[in-house]
Amino acid sequence: MAETFRFVATRKLKQVFLITNKHQYLVALANREKFRETVERPPPADLHPRAVAAMVGAARRQLADIESEIRAFEAANGERPV
């Protein structure tokens with residue numbers, strides 16, 4: 001007999017910051033630059049427009065996540081914004 005499961009969010013989840021040390025911070029800074037270059041680079045002409053839109057959208061979301069984590073780490077640890 002198959003059971004149906006229903007998940008209900010009862011409260012907001014606490015945001016967890018993944019950058020916890022200086023090494024991870026430096027890696028995140030490097031990744032931020034790579035994602036910026038990816039978003040700014042023109043896409044290959046042979047890709048379907050929907051594929052291009054999906055890839056660029058995913059890169060922009062990842063870039064926003066990385067920048068958010070960097071800002072949170074800088075605020076929590078007194079790092080100088082770069």
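What counts, and at which threshold
Residues numbered from 1 in each chain as written. Predicted model: local features only at pLDDT ≥ 70, side-chain atom pairs only at ≥ 80, totals over all residues. Heavy atoms only, no water. Helix = DSSP H or I, 4+ residues; strand = E, 2+ residues; numbered from the N terminus. Buried < 20%, exposed > 50% of the residue type's maximum accessible area, 1.4 Å probe, protein only. Contact = heavy atoms within 4.5 Å. Areas by Shrake-Rupley, 256 points an atom, 1.4 Å probe, with all protein chains shown as cover. Core = buried A, V, L, I, M, F, W, Y, C linked by side-chain atoms within 4.5 Å. Salt bridge = Lys/Arg side-chain N within 4 Å of Asp/Glu carboxyl O.

J.: I'd like a rundown of the overall build of the chain, residues and numbers included.
T.: On a plain count of helices and strands, the chain comes out with two helices and zero strands. Residues counted as buried form 20% of the 82 residues belonging to the chain. In the chain, once contacts between residues fewer than 6 apart in sequence are set aside, the share between residues at least 24 apart is 73%. Summing over all exposed atoms, the chain offers an accessible surface of approximately 7200 Å²; the carbon and sulfur share of this is 57%.

J.: Got a sec to walk through the nonpolar core? Specific residues and values, please.
T.: Counting residues in hydrophobic clusters, the biggest one holds seven residues: Ile19, Tyr25, Ala28, Leu29, Ile66, Ile70 and Phe73. Broken down by secondary-structure element, the contributors of at least two residues to this core are helix H1 (22-40) and helix H2 (49-77). Excluding residues that lie within four positions of it along the chain, Ile70 makes contacts with Ile19, Tyr25, Ala28, Leu29 and Arg32.

J.: Mind laying out the pattern of salt bridges, listing which residues take part and the relevant values?
T.: The tally for this structure, following the rule as stated, stands at three salt bridges. Where Arg32 meets Glu33, a salt bridge forms, and the shortest distance between an N and an O atom there is 3.8 Å. Judged by relative accessible area, Arg32 falls into the buried class, the value being 8%. For Glu33, a relative accessible area of 34% puts it in the partly exposed group. Ionic pairing is found between Glu67 and Arg36, a salt bridge with its closest N-O pair at 3.2 Å. Of the two residues, Glu67 is situated in helix H2 and Arg36 in helix H1; the sequence distance between them amounts to 31 residues. Here Arg36 falls in the partly exposed class, since its relative accessible area comes to 30%. A cluster of three or more residues bridged by salt bridges with shared partners is formed by Arg32, Glu33, Arg36 and Glu67.

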